[in-house]
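A look at the structure
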Amino acid sequence: QVQLVESGGGLVQAGGSLRLSCAPSGSDWSINAMGWYRQAPGKQRELVARITRSGSTNYADSVKGRFTISRDNGKNTLYLQMNILKPEDTAVYYCNAEARRVGNSYVYNYWGQGTQVAVSS
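The residue numbers shown here count from 1 along each chain, following its written sequence. In keeping with the model being predicted, local features are shown solely for residues with a pLDDT of at least 70 and side-chain atom pairs are shown and tallied solely at 80 or more, while totals for entire chains, interfaces and linings include all residues. For side-chain calculations, the full set of non-hydrogen atoms in the structure is used, while hydrogens and water are omitted.

Here the focus is the overall build of the chain. Counting its secondary structure elements, the chain contains 0 helices and 11 strands. As defined in this context, the radius of gyration uses C-alpha atoms, and a globule is described by 2.2 Å times the residue total to the power 0.38. Here the C-alpha atoms of the chain give a radius of gyration of 14 Å, agreeing with the 14 Å that 2.2 N^0.38 yields for 121 residues. Dimensions of the chain, computed from C-alpha atoms along their principal axes, come out at roughly 50 × 25 × 20 Å. The cut-offs for exposure are 20% and 50% of the maximum accessible area for each residue type, with area from a 1.4 Å probe on protein chains only; residues under the lower value are buried, those over the upper are exposed, and the others partly exposed. When each of the 121 residues of the chain is scored for burial, the buried share is 40%. Contacts between residues were defined by any pair of non-hydrogen atoms, one from each residue, lying within 4.5 Å. A separation of at least 24 residues holds for 56% of the contacts in the chain among residues at least 6 apart in sequence. In short, Shrake-Rupley with a 1.4 Å probe defines the accessible areas, and a residue's cover is counted only from the protein chains shown. Carbon and sulfur atoms provide 45% of the accessible area of the chain, an area that totals close to 6,600 Å². Where the 13 positive side-chain charges of the chain centre and where its 8 negative ones centre are 3 Å apart. Runs of H or I in DSSP of at least four residues are treated as helices and runs of E of at least two as strands, each being numbered from the N terminus. Asp and Glu are treated as the negative residues and Lys and Arg as the positive ones, with His and the ends of the chain left uncounted. To locate a charge, take NZ of a lysine, CZ of an arginine, CG of an aspartate or CD of a glutamate.

A separate point is the state of the cysteines. The bond known as a disulfide is covalent and runs between the sulfur atoms of two cysteines. Disulfides are defined as pairs of cysteine sulfur atoms found within 2.5 Å of each other. Tallied over the full model, the rule gives 1 disulfide. Here Cys22 engages in a disulfide with Cys95; their sulfurs sit 2.0 Å apart. Taking the sign of the S-S torsion, -80° for the link of Cys22 and Cys95, the bridge is left-handed. Residue Cys22 is located in strand 3 (residues 18–25), and its partner Cys95 is located in strand 9 (residues 91–101); the two are separated by 73 residues in the primary sequence.

The two faces of a sheet get side chains in turn, since along a regular strand they alternate between them. Along strand 7 (residues 67–72), the buried face is formed by Phe67, Ile69 and Arg71; none of Thr68, Ser70 and Asp72, which line the opposite face, is buried. When DSSP finds two or more bridges between two strands, those strands count as paired. Two elements, strand 7 and strand 8 (residues 77–82), share 6 bridges in a ladder whose sense is antiparallel. The partner of Arg71 across the bridge, within strand 8, is Leu78. Where strand 7 hands over to strand 8, the hairpin turn is made up of 4 residues, of which Asn76 adopts a positive phi near 60°.

This is the structure:
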């Protein structure tokens, strides 16, 4: 299986910045698209940003212009640079990866354990 290890969450004041990282591990797997999702208490999990292997990205309207998703294809490491943070960004952030075994067409969907981001006003 593919394991996703997230880091970079914490408590920050409104207007501040955080950088989240996600480092996949696993042998004989090919990582396709990756993304960041978040879930606040009482709300559904929502897409924050997604990036394909070729570098195409899409963002939730609420974070456009403030967040930037990127990836290192060599290490399959995923990043989320979060600037001008707002209290409404407070949530648990989850790393997601679409992966398949080398030589196999079946795609698996993996999730990290999540990292807490709290933005104070």
